[in-house]
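# Observations on the model geometry
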Amino acid sequence: MPEPVCTPDAQWCILVNNVTGSESLAKAADWLIAKPLGVLVLVIAALVIRWLAVRLIDRVVRRAGSGTVPAVLPRSLSRQNRQKAARATRAAGERRQQRAETMGSVLRSLTTVVIVVITGFMAVSQLGYNIAPLIASAGVVGVAVGFGAQSLVRDFLSGIFMIMEDQYGVGDWVTINDITGEVEAVGLRVTRVRDLDGVVWYLRNGEIFTAGNLSQYWGRTVLDVQVGYGEDLDVVKETLLDVARELARDPEFAEQVLGEPEVWGVQSLESDRVMVRLALTTEPAVQWSVARELRARIKVRFQADHIEIPLPQYVQHAADAPSRT
């Protein structure tokens with residue numbers, strides 16, 4: 001019994017054999033028509049999936065980069081000062097948009113690589129080759145890389161979420177893992193921070209457990225001013241408010257001060273002094289320079305108004321010396 005030209009599931013082979021009557025063309029139809037057509041279908045499907053994935057990534061990027069940060073402005077700000085703070089918030093939003101676009105580019109590239117690899121494996125299988133050894137090899141390599149690069153993967157994932165959430169950026173003053181300094185570079189794996197002493201710290205993103213941003217949206221100068229127990233606290237409060245308001249009206253600091261100064265009251269009672277707390281809302285990352293200037297002006301004003309800045313006092317008790325007879 002002669003061997004059949006086409007197998008029952010080889011539809012293209014059967015069709016070509018019926019049309020042409022040529023066994024050689026029928027046997028070649030699988031390689032000339034069926035397999036290329038199958039690969040073409042895979043490529044078209046991969047392009048459609050990539051298009052959908054890119055659309056989804058673009059939508060996520062737009063949502064991450066747009067919008068406002070609710071309730072970040074103190075209610076005590078005046079309309080003019082709220083406009084200043086709003087400008088700072090918009091600047092932060094523009095930076096967030098740029099970082100979201102960067103992250104979107106990384107995700108689009110990663111998605112393209114994954115789709116291309118999967119489509120390549122399926123195309124090889126479509127051509128009739130056994131891809132089991134390739135998958136097994138890829139699995140072994142993936143396990144080895146996974147065990148050897150766990151910290152690297154964690155660093156990259158942490159970096160992706162950090163960039164997406166815009167936790168901090170270049171130029172921000174931050175406190176990360178008890179290190180306070182200015183951010184000089186932000187990457188998917190490492191964040192570089194220079195502290196006040198000029199030391200450069202390289203912090204792996206996967207090892208960052210706490211991060212405080214000192215220069216986002218707005219800042220606050222908080223001073224604990226020491227006065228003596230004999231001073232009138234009402235006079236002290238009015239003097240502090242007057243000094244802070246003069247600072248806010250100074251052209252050099254007017255753009256840096258956002259809100260009306262507030263005296264929150266007596267912060268603590270020490271053995272020889274009373275601590276009165278003064279607060280002032282400022283532009284981000286300038287609260288320290290405002291605080292230094294405010295301290296200098298308070299010292300001059302206290303001296304002019306004869307308000308006591310207490311000094312440490314010590315009382316020494318001496319026993320009477322025994323008399324000699």
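It should be emphasised that the depicted structure is a prediction, and the values quoted were computed from it without experimental measurement. (Residues numbered from 1 in each chain as written. Predicted model: local features only at pLDDT ≥ 70, side-chain atom pairs only at ≥ 80, totals over all residues. Heavy atoms only, no water.)

Where strand 2 (residues 179-186) lies against strand 3 (residues 190-195), 5 bridges are found, and the strand directions are antiparallel. Across the sheet, residue valine 186 finds its bridge partner in strand 3, namely threonine 191. The hairpin formed by strand 2 and strand 3 contains 3 residues between the paired strands. The antiparallel hairpin formed by strand 3 and strand 4 (residues 200-204) contains 4 residues in its connecting segment, where glycine 198 sits at a positive phi of about 90°. (Pairing = 2+ DSSP bridges. Helix = DSSP H or I, 4+ residues; strand = E, 2+ residues; numbered from the N terminus.)

This part covers the environment of serine 271. Assignment of secondary structure puts serine 271 in the loop between strand 7 (262-269) and strand 8 (274-282). Distance in space between the C-alpha atoms of serine 271 and tyrosine 229 is 9.5 Å, their sequence separation being 42 residues.

On to the packing of helix 6 (residues 233-249) against helix 7 (residues 287-305). Where helix 6 meets helix 7, the axes come as close as 10 Å, and the angle between the chain directions of the two elements is 130°. By the angle between their directions, the pair helix 6 and helix 7 is classed as oblique. For helix 6 against helix 7, the interelement crossing comes out right-handed. Contacts from Val236, Thr239, Leu240, Asp242, Val243, Ala244, Glu246 and Leu247 in helix 6 reach Val290, Glu293, Leu294, Arg297, Ile298, Arg301, Phe302 and Asp305 in helix 7. Of the residues assigned to the contact of helix 6 with helix 7, the class counts are 9 nonpolar, 1 polar and 6 charged. (Axes fitted to C-alpha atoms, helices over the stretch in contact; angles between N-to-C directions. Parallel < 35°, antiparallel > 145°, perpendicular 65-115°, else oblique. Left-handed = near helix turned anticlockwise from the far one by under 90°. Contact = heavy atoms within 4.5 Å. Nonpolar A, V, L, I, M, F, W, Y, C, P; charged D, E, K, R; others polar.)

Here we take up the nonpolar core. Generally speaking, nonpolar side chains in soluble globular proteins are found buried as a group. Judged by nonpolar contacts, the single largest core of 21 residues is most densely connected at Val227, Val236, Leu240, Leu294, Ile298 and Phe302. Setting aside chain neighbours within four positions, we find valine 236 in contact with Val227, Glu231, Val276, Phe302 and Ile307. (Core = buried A, V, L, I, M, F, W, Y, C linked by side-chain atoms within 4.5 Å. Buried < 20%, exposed > 50% of the residue type's maximum accessible area, 1.4 Å probe, protein only.)

So, about the sheet that holds strand 1 (residues 173-176). On the basis of which strands lie adjacent, the open sheet formed by 5 strands has the order 4-3-2-1-5 and antiparallel pairing. In this open sheet, the two edge strands, each paired with only one partner strand, are strand 4 and strand 5 (211-213). If you compare each strand with its neighbour and ignore which way they point, the axes differ by 40° on average. Both strand 1 and strand 5 contribute to a ladder of 3 bridges, which runs antiparallel. Looking at the pairing, valine 174 lines up with asparagine 213 of strand 5. Sheet strands touched by helix 5 (residues 150-165): strand 2, strand 3 and strand 4. Its angle to strand 4, the strand with the most contacts, is close to 100°.

Our focus in this paragraph is the pairing of strand 4. Here strand 3 runs beside strand 4; their pairing, made up of 5 bridges, is antiparallel. Bridging from a neighbouring strand, arginine 192 pairs with tyrosine 202 of strand 4.

The full count for this structure, using the stated rule, is 13 salt bridges. The shortest N-O distance in the salt bridge between arginine 204 and glutamate 207 comes to 3.6 Å. For arginine 204, a relative accessible area of 31% gives the class partly exposed. With relative accessibility at 28%, the residue glutamate 207 sits in the partly exposed group. (Salt bridge = Lys/Arg side-chain N within 4 Å of Asp/Glu carboxyl O.)

Okay, helix 5 next. Working note: α-helix, 3.6 residues per turn, so residues spaced by three or four point in the same direction. Taking 1.5 Å per residue as the helical rise, helix 5 with its 16 residues ought to reach 22 Å, and the 23 Å between its terminal C-alpha atoms agrees with that figure. Turning to helix 5, its buried residues number three or more, namely Asp155, Gly159, Ile160, Met162, Ile163 and Met164. Downstream of helix 5 by one or two residues, aspartate 166 has phi in the positive range, about 55°. (Expected span 1.5 Å × (residues − 1).)

Moving on, we get to unusual backbone geometry. Positive phi, normally seen in glycine, also occurs at aspartate 178, with a value near 70°. Relative to the helices and strands, aspartate 178 is located in the loop between strand 1 and strand 2. For aspartate 178, a relative accessible area of 77% puts it in the exposed group.

Once that is clear, we can look at a nonpolar patch on the surface. Side chains of Leu37, Leu40, Val41, Ile44, Val48, Trp51 and Leu52 sit close together on the surface and give an oily, nonpolar patch of about 660 Å² of accessible area. Following the sequence through the fold, isoleucine 44 ends up in helix 2 (residues 23-65). (Patch = residues over 30% accessible without salt bridge, like charges linked within 9 Å, V, L, I, M, F, W, Y side chains within 5 Å. Areas by Shrake-Rupley, 256 points an atom, 1.4 Å probe, with all protein chains shown as cover.)

What follows deals with the sheet that holds strand 7. Taken together, the 3 strands give an open sheet; going across it, the order is 6-8-7, and neighbouring strands pair in antiparallel fashion. Either end of the sheet is taken by a strand with one partner, and the two such strands are strand 6 (219-227) and strand 7. When the angles between neighbouring strand axes are averaged without regard to direction, this sheet yields 25°. Where strand 6 meets strand 8, 9 bridges bridge the pair, whose relative direction is antiparallel. The residue bridging glycine 219 from the neighbouring strand is threonine 282, located in strand 8.

Judged by side-chain charge, Arg55, Arg59, Arg62 and Arg63 come together as a positively charged surface patch. Summarising the element assignment, arginine 63 is placed in helix 2. According to the relative accessible area criterion, arginine 63 is exposed, its value standing at 66%. (Lys, Arg positive; Asp, Glu negative; His and termini not counted. Charge placed at Lys NZ, Arg CZ, Asp CG, Glu CD.)

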